[in-house]
Structure formats: C-alpha cells, structure tokens
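Architecture at a glance
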Amino acid sequence: MSTTPVASASPPGPLLSITGLTKHFPLKGGLLGGRKGVVRAVDGISFDVAEGETLGIVGESGCGKSTTARLMVDLIRPDAGDIRLGGRRLGHDMSVRDMRRQVQMVFQDSYASLNPRLTMEDAIAFGPMVNGMSEQAAVACAHELLHKVGLEPRRFAGRYPHELSGGQRQRVNIARALAFSPKVVILDEAVSALDKSVEAQVLNLLCDLKAELGLTYIFISHDLNVVRYMSDRVMVMYLGEVAEIGPVDALYSNPSHPYSRALLAAMPSMDPDRRTHEAPLQGDPPNPINPPSGCRFHTRCKLVDDVCSRQSPGLYLQEQKGHLAACHIAIPGSGHKHAGQAS
Amino acid sequence: MSAPATAVSGAIEKSPGYWAGVGRRFRRDPVAMLALCLVLGLILMALLAPWVAPADPYRASMLRRLRPIGTPGFLLGTDELGRDMLSRLIHGARLSLLMGVTPVFIAFFVGSAIGITAGYIGGTVNTVLMRTIDVFFAFPSVLLAIALSGALGAGIFNGLLSLTVVFIPPIARIAESVTTAVRKIEYVEAARASGASAFTIVRVHVLGNVIGPIFVYATGLISVSLILASGLSFLGLGVKPPEPEWGLMLNTLRNAIYVQPWVAALPGLMIFITSVSFNLLSDGLRSAMDLKA
Amino acid sequence: MLIYILRRVIYAIPVAFGVSVVCFMLVYISPGDPLTSILPPDASAQLQAEMRRIYGFDRPLPVQYGLWLMKILQGDLGTSIATGRPVAQELGKALGNTLMLAVLATLIGFILGSLFGFVAGYFHNSWIDKLASFISIIGVSVPHYWLGMVLVIIFSVQLNWLPATGAGPGGSDAWKWNWEHVKHLILPAVTMSVIPMGIVARTVRALVADILSQEFITGLAAKGLLDRGIFGHVVKNAAPTALAVMGLQLGYLLGGSILIETVFSWPGTGFLLGQAIFQRDLPLLQGTILVLALFFVTLNLIVDVIQTMLDPRVQRS
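Reference entry: report on the structure contained in this document. (Residues numbered from 1 in each chain as written. Chains lettered and ligands numbered in written order. Predicted model: local features only at pLDDT ≥ 70, side-chain atom pairs only at ≥ 80, totals over all residues. Heavy atoms only, no water.)

A few points about the overall build of chain C
Here is the rule: Helix and strand assignments follow DSSP, with helices taken as H or I runs no shorter than four residues and strands as E runs no shorter than two, numbered in order from the N terminus. Under the convention used here, a 1.4 Å probe and the Shrake-Rupley method define accessible areas, while residue burial counts only the protein chains that appear.
For chain C, the helix and strand inventory stands at 13 helices and zero strands. The helix and strand sequence of chain C, counted from the amino end, reads α-α-α-α-α-α-α-α-α-α-α-α-α. Put simply, chain C shows about 15,200 Å² of open surface, and 68% of that area lies on carbon and sulfur atoms.

Encoded structure:
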C-alpha cells in the first residue's frame, strides 16, 4: 500500500493499453445444438488508460461495457486483441495471475458479490491468503482495510453479508478488491444499485481511496451525472464499439458523435426552462447478433449519409477538441456531406 | 500490503454462522424435533438390540408358531417358525436401517463429487458425465435396483451395491444443478478473479453453498431407500433368511396373513414408522434451511 | 419448437442405446458362466455349442453386444429358460395386464391427489392444508407392498369382500370387464395409487399455493373475478406440470409394479420379473427389463414434448 507520488515512479505512457479487443459469443441453436450465429458483444475496441486517472465508460444496456470489464480481468477470454499493463503484454510478458493481482473489480450486485457463508474478514482475507499470505497476516490486513473503507473492524469483521446494508456491503467489496494492492480498480456499475445518499458516500470514499493509494479507476456506469463527477476522461460505447472518447468536461459540453450528443441530451435537466421536447434517440438499439453495416449507429442517426452505411469510421482524433470520435462527420474528406465540420 | 498490519486488539463481534441459525430454527419446530427423537430412538434401538430385545431372535420352536399379539412372554406374538416377534423386530432394525441408510450415505459422497465436478468444470466434461448419469436415470429406480440385484444375486453386499448405484444419479443431478447455478454468482467470479486455483475456489466458496441443498435432498431419499431395501428382501433378493430384516420378515410371513394377520403386518408397520420419521426429519431440515439465515 | 421436439427425440436415442448396454451387461455381472445363465442346466452339449456360436461368447464384448442388439431389433428377445417360450410372447401378455393396472392406478392417484393438493393449496397454511400435507407424507412414506398386505387382511381375510390374489376366473387370458374380473383389479389398483397420489398431491399443492400467491392473482381479484374465474385460472396454470408429473408416475408404476404384483399375484410384467429372478431365468429378466426401461424412456419423451407444447414458458435452449 504505497503512498509515494505517482509521477516519479512510473514510466511514461499509459498504464493500461487495450488494442483491438474482441469477443463474440456463439449462439447455440439448430438441430444438433450447433452454432447459429454470434453475438458481437465487443468488436475490436481500443483505448488507453493513463496512470492515476479515472476513465468513465458509458453506454446503453448491451453496448458491451460489462463484457469489456470482464475481459480486462480475464473472467472471459478474448477472441482477439491485446491487453497491456505497464507495457507488459498479457499472456506474453505477464501471466494472468500477475495481472489479476494488479487489476481488480467491484461488481454491481453487492449481495451476490459476497459468499453468504463467509464472514467479512474471511471474505477479504481470501485474496491475500491465495497469494501466499499467512492467515494471521491476512486477517490483520482485512481489519485494516475494513477500517480504511469506514467500517469499524470490531463491529463488522465477524458479520455475514445479510447483516449489512447495501452500502456497507459495497464498502466490503471495495476493501476486498484493495486487498490485492492493485494498480487498477474496475468499478462495474458499483454504485448503481445503491440509494442516492449512500451512493454519494461510497463515491466520496472511492475518491479518497484513489488519492491516498494512487489508484487508477475504470468507472462503468449508465448514470451520466455520476460519471461526470468521478471521471477525468470518458468513453462512450455503442453496440460493442467505441463511439467517442475524450476529457469528460469537453465531451459533455461539446460532444462530436451524434450518439454521444443524443445520450447527453437525454439527461433530464433540473432546469424547468430546459425541457426536452422530443426524444433525442429513436427506437431500440439494434441486435448485436446482426449489427448494421458500416457505422453501427447509422440506423438511428439524424445526420446519416450514404457513406455511413457503407463504411465504418475509425476513431479519429479531433485536435482542437482533444477527443476521438468514430464518425464520418468528424473525419475530413470521409465523403460525408458534413465532413470536417466541427460543430 | 507492504507494512505489517496488526489485527484489532480485543475480540471482534462474531455473528452466529449459518448452521447455528439452522439448528435454532430446527429446534423450534415441534414436528421436526419429534421426528429427530424417533429416528434417534430407532437408531439407538438398533445399536443396543442385543441388550434391549427380550429373547433370542433366532430361537425357533415349532410348537410356538404364529402366536397372537399379547401372548405372555411373547409380547408381539411369534412368527412362522416360532421366533419371538418383538426380538426379531428390534434386531431387524439393524439390517433394515443399514440397508436403508448406507446406500444413500455412500451415494451422497460419490454423487456429490461427480455432480460438483461436472457443474464447476462445465463444458464437455459436464456433458459426458451427465449423459452417462442420464442413462441410469432412464430406469425407474425400483426396476434398476431389481435388475442389478437380480443379476448379481441375493445377499447383503449385492443389495447395498445395487441400491448405491440407484441413488448416485439423482444426487449427482442435484449436485450438478446447484453447482452450475452457484458458479454463475458474482462471488465465485470474484474468487476466480483472485487467481485462486479451481480446487481452492470449490473448497472455500462453492462447497459450503451447495452442500446444504444436496444434503437435504439426500436425507429425503433415505425413506425411499429403506422401502426399496426392504422391498428387495421382500422379493427374495437382499437379506437372506434366517437374518431378521423387516422386508424379509414380511415375505416369510405372507402366508400367515390367513392365520395371524396382525402379527404378519407388524414388520411393515416398522418400515412405515421409520420411513415417516425420516421423511418428517428431512422436511424439518429443509424448512430450517430454506429461509435466509 | 418443432426443432426442440426433434432435438429431444434425437437426444433420446443415445439414452436408449445406453439402456440397452446396461441390460446387455446384466448377464455379465451375474456370477458364473454367461452360458449357464441363458440355458437350462440340463441342456445338451450340442445345444450349448450352438448357443455359444449364436451368442458369440468367445468373441470380444463389443461384438457380442452387436450380435445381441441385432437380435433385439429383429424382435427376438430370447427364449425363457423356465417355460421354453419366446420372451416376447410372455411379455406381450403380461404387458397388457400391467398397463391395465397401472393406468387405473395412475388415474385414481391423479384424481385424488389433485383434489387433496388443490384443497391444501387453496387453503394453504390452514388446518386443512396441514391435514392434507400429513396425508400426502403418509402416502409417500408407506411401503406399498405392506399396504397391499394390510388391505388384503382387511378386505379379503377379515371382511371377505374382495379376492386376495390373481386376475379372476380364467386368469388374464379370458379377461372380461365384468364384476367377476374387475373385483380382482380393485385392491391392487388402489394400493398402487397411493404413491402417485402422495406425489401428485404434494406437487399440486405447491403449484396452487405458488400461483395463488403470485401478484397477478391479486390483480385478477381486484378486477372482480369471481372465485370460479380464479379457479379456472389456477387449473390452467397448474395443469401442464401436474399432467407431466402424472405421466412420469405412470412410467414409475410400469417399471416398479413388481412389488404389488407379487403381493397380489397379478400376472403382469412385474410378476414375470419376480419369477425370472426366483428361477434365475436371465433371458426373461433381461428382455423384460429392456422393454420396461424403453417404455419409460419413451414415456418421458412424450411427457416432455407435451409439456413443451402446452406451456409456452418452457423454452429450452
């Protein structure tokens, strides 16, 4: 649990680097249970995470956020793509076991994340013990972590999950993730199931821990406000691909991708003068089994042009804005009638 | 954790565990406690049979055949060879309980091992194991027990073997089903993300959460096993004369129903009482475990 | 859904093969030379040699299985040692008798069980429920062969209302649906119905209690549906599972009839099986078990398919 400043120790370059990550789930069907098709849950996404930052990931259900999270901790094996941590490639320079010690995850369902038969201290101590720590040391470590997440060990170490509230359980889950002294913590909808007041407390705890322990967060959520509060940069996903990625304030105030724009416009405002008059996004998201050709968003896009259905746009860095967007409009010379126009 | 941490000084508050809660709820259930007493009583009777029984269960006398209930000296009458029914019933508990409980006991371990392995590993291993189990499931249990016993021949060992084979498939199935369900829950995912070996994960996280339902199911099978085991002896498989065993006694007393019907019915009554007790016990256990601790 | 049905049928085929392998192996797990299992002890040396050739006892096991299987598929289930008649012939007669008994028992068990179960579930947690649950526990715990004996004691020995054994004058060959014959059917059928009744009662009770506690029932009641309407609704939702259980019970009865048929000397497949065991007549044993097991597999298949067709929620992957 080091508290040395991040900048001096780390090499330049991103801490976590994902390239071309792909996962297709086979669909069983047919007479003999053979493959009937694939669900293209995650299709060749690439992004970086710098050390010490919080990257938010947003998108509708089924866009592949959770699958991406699980791919990063190897709970699911990717079909293609690279994951690099600190420059070392998973599977080549770094074993899965090593990576699991450095990248940990906190799940959405606080109750299902805890073994109902284990006490809180046993649950937290499990990880360190697996990694070779003695039981005594592991339990001591567990107590210290409980204290760190704001749960008094004397009261909570011997309790079972059903005796804790949702917020308390989630703190335990955070403690459990921290027991590995990870560099990166992935928070997959970690506060989504909590009451708003509890959510605020847990978010503040996360911010404090990040500062104290020099952590890097990947914060997945469907709640755009929370993502804005927590993140430095944000990545918008749509149907298994990255639509846009950039610094959170810039992206929120001036989104490039039509999908990001629609998503942000859908956030209800507290201001009674700014009412929504028409739904910014029509229809349901198409099926990830048979995604639309070219740009996957083109079937729901208000600014669609011919080139959108023919060709898939790659992520393009817009220098002035500092974010990357996968949209033909952002790419000058792409063939789109509005190409190159910064809006 | 670079700096050595120290545990909290003084005791932490420990909550009662899951099984403590189960025990407490069980104790509050009058029917379940009654069933427990009955079962324990029967087991005790079986263990202490030589001391509890008033007479020698093997001592026959052609003069004293088929005496009715209430005969002085032979409280529950005598059987077709003049042996004291009460003593034979008490001694009969030994073999009947043995034949009833042992197969389920062994099948519990073997079936759980197969089912948990298939459930946790999944994939091809699961398919192969479960399909093989399904073949045995294709036989109604009575038929399978009789088929195996019939082929192997009569005798206690053969009977035990057949019954164990009969009970392994249902237990394996339940074990696989529960394990597959538990495996998908997030805490198992979290355990996998900790880098622990499969064996450790099963031992720490899976086992404690699946053993309960499997165990309750197995206790429910005991009464079936009892009836089946006695049934085998009733047919001439399983236990051989002159050993006292309730099912065998029903067999040999069959023709006596025209002479001393109620004496002839006694062994079956014992099977019935034992079976009901085990069923109520199993039900009580299930109720005690069903609610979230 | 047609695909599901087809897939289910195809899946049943390897199971059927597995069943045949188990039946085949029965002869081999039996102690002694397989030849003595299939021939009477006083068979001539010539006959022994011929049997050895036909069955291929000196050939490797898989080959023997293949030969045996081919004979089975041609309808030749072997010859009974005891009677000398083809097994298939003995089985044919016996199967009819057992079916008669089993179907009747299943119907009685299903009707009474559903009644008990429905009443228990409707008034669940009341004293009616406790009583009905108690009765169904008894139903499941009672050793049915003993119950048969007790009923015989009461109705035959003591009261002399009903016959104790057999299938009536003229036996099963001359069966007629008159009182002379049917009275032989009553005790065995009632005895046999007890276990299915217990199981059906338990299942129906759980179903009914579950359906009634679901929120959509509260919605129906709020809409002003009379009790009769709710009744119909409960029946519709409980029927598929209840019928499935009934079908399975029929299968179990067919396979497990040996005990009751032995008690009542009812000339069915179970009785045949008992005789085969007693006389160590392995071809008869093998053939009977094979047919009964395959019957069970087929019955399971039919029940599965019907349940899928009736209940749209049962969607298998």
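What about the interface of chain A and chain B?
Our working rule: Any two residues whose heavy atoms approach within 4.5 Å at even a single point are treated as in contact. Here's the idea: put two parts together, see how much 1.4 Å probe accessible area each one loses, and the total over both is what we call buried area. We count a salt bridge whenever a side-chain nitrogen from Lys or Arg sits within 4 Å of a carboxyl oxygen from Asp or Glu. Distance and chemistry together define a polar contact, namely a pair of N or O atoms within 3.5 Å, with one atom able to donate a hydrogen and the other to accept it when in protein, and with adjacent residues in sequence counting only for side-chain atoms on both sides. Charged residues are taken to be Asp, Glu, Lys and Arg, nonpolar residues to be Ala, Val, Leu, Ile, Met, Phe, Trp, Tyr, Cys and Pro, and polar residues to be all remaining types, Gly included.
In this assembly, 38 residues from chain A lie in contact with 34 residues from chain B. Summing both partners gives a buried area of about 3,300 Å² for chain A against chain B, and 57% of it is carried by carbon and sulfur. When the area that chain A buries against chain B is broken down by residue, the three leading residues are R117(A), F126(A) and R154(A), summing to 21%. At the boundary of chain A with chain B, the tally comes to two salt bridges. With a shortest N-O distance of 3.4 Å, K14(B) and E121(A) are connected by a salt bridge. At the surface where chain A touches chain B, the tally comes to twelve residue pairs in polar contact (both at pLDDT 80 or more). Tallying contributions element by element places helix α5 (residues 135-148) of chain A first for the side of chain A that touches chain B, with four residues. Here the side of chain A that touches chain B is built from residues that sort into 17 nonpolar, nine polar and twelve charged.

Section: the pattern of salt bridges
Residues and elements named next belong to chain A. We count it as follows: Burial classes: relative accessible area under 20% of the type maximum marks a residue as buried, over 50% as exposed, and values in between as partly exposed (1.4 Å probe, protein chains only).
For the structure shown, the criterion picks out 27 salt bridges over all chains. E53 is the partner of R233 in a salt bridge, and the nearest nitrogen-oxygen pair spans 3.0 Å. A residue pair is termed long-range when its members are at least 10 positions apart, and R233 in strand β9 (residues 233-238) and E53 in the loop between β2 (34-49) and β3 (54-58) qualify at 180 residues. Two residues, E163 and R159, come together in a salt bridge whose shortest N-O distance is 3.9 Å. Assessed through its relative accessible area of 32%, E163 is described here as partly exposed. Several salt bridges converge on common partners, so that one network encompasses R40, D43, E241 and R296.

Notes on the side chain of T98(C)
Within the secondary structure, T98(C) is located in helix α5 (residues 87-122). With residues near it in sequence (within four places) discarded, T98(C) still touches L254(C), S257(C), E261(C), W266(C), G268(C), T269(C) and G270(C).

Description of helix α6 (residues 141-152) of chain B
Residue and element names in this part refer to chain B. Stated precisely, the cut-off is as follows: Residue count minus one, scaled by 1.5 Å, sets the expected span of a helix.
An ideal rise of 1.5 Å per residue puts 16 Å on twelve residues; α6 measures up with 16 Å between its terminal C-alpha atoms. The buried fraction of α6 amounts to eleven of the twelve residues, a majority that puts the element mostly inside the structure. The complete set of buried residues in α6 reads V142, L143, L144, A145, I146, A147, L148, S149, G150, A151 and L152. G153 sits one or two residues past α6 and shows a positive phi near 105°.

Notes on the environment of A175(B)
Residue and element names in this part refer to chain B. Tracing the sequence through the fold places A175 in helix α7 (residues 156-183). Its relative accessible area of 0% is what places A175 among the buried residues. Residues A175 and I114, spaced 61 residues apart in sequence, show a C-alpha to C-alpha distance of 7.9 Å. Once you skip the residues sitting within four places of it in the chain, A175 turns out to touch G111, S112, G115, I116 and I214.

Some details on the packing of aromatic side chains
Worth spelling out the cut-off: Put simply, two rings from Phe, Tyr or Trp (the six-membered ring, in Trp's case) pair if the centres are within 6.5 Å, and we call them stacked under 30 degrees between planes, edge-to-face over 60, tilted for the rest. We call a charge positioned above a ring when the Lys NZ or Arg CZ atom is no farther than 6 Å from the ring centre and deviates by at most 35 degrees from the ring normal.
Per the stated rule, a full pass over the model turns up 14 aromatic pairs over all chains. Arranged with centres 5.1 Å apart and planes meeting at 85°, the rings of Y238(A) and F297(A) form a pair that is edge-to-face. Of this pair, Y238(A) sits in strand β9 while F297(A) sits in the loop between α11 (258-265) and α12 (306-310); the two residues are 59 residues apart in sequence, bridging distant segments of the chain. Each ring, one from F272(B) and one from W146(C), has its centre 5.7 Å from the other, and the planes form 25°; the classification is stacked. Within this pair, whereas F272(B) is found in helix α11 (residues 261-290), its partner W146(C) is found in helix α7 (residues 144-158), the two belonging to separate chains. Taking relative accessible area as the criterion, F272(B) reaches 16% and is therefore assigned buried. Taking relative accessible area as the criterion, W146(C) reaches 9% and is therefore assigned buried. In this structure an aromatic cluster arises from ring pairing among F105(B), F108(B), F109(B) and F215(B). Lying across the ring of F137(B), R173(B) places its NZ or CZ 4.0 Å from the centre.

On their own, these measurements won't tell you what the molecule is for.
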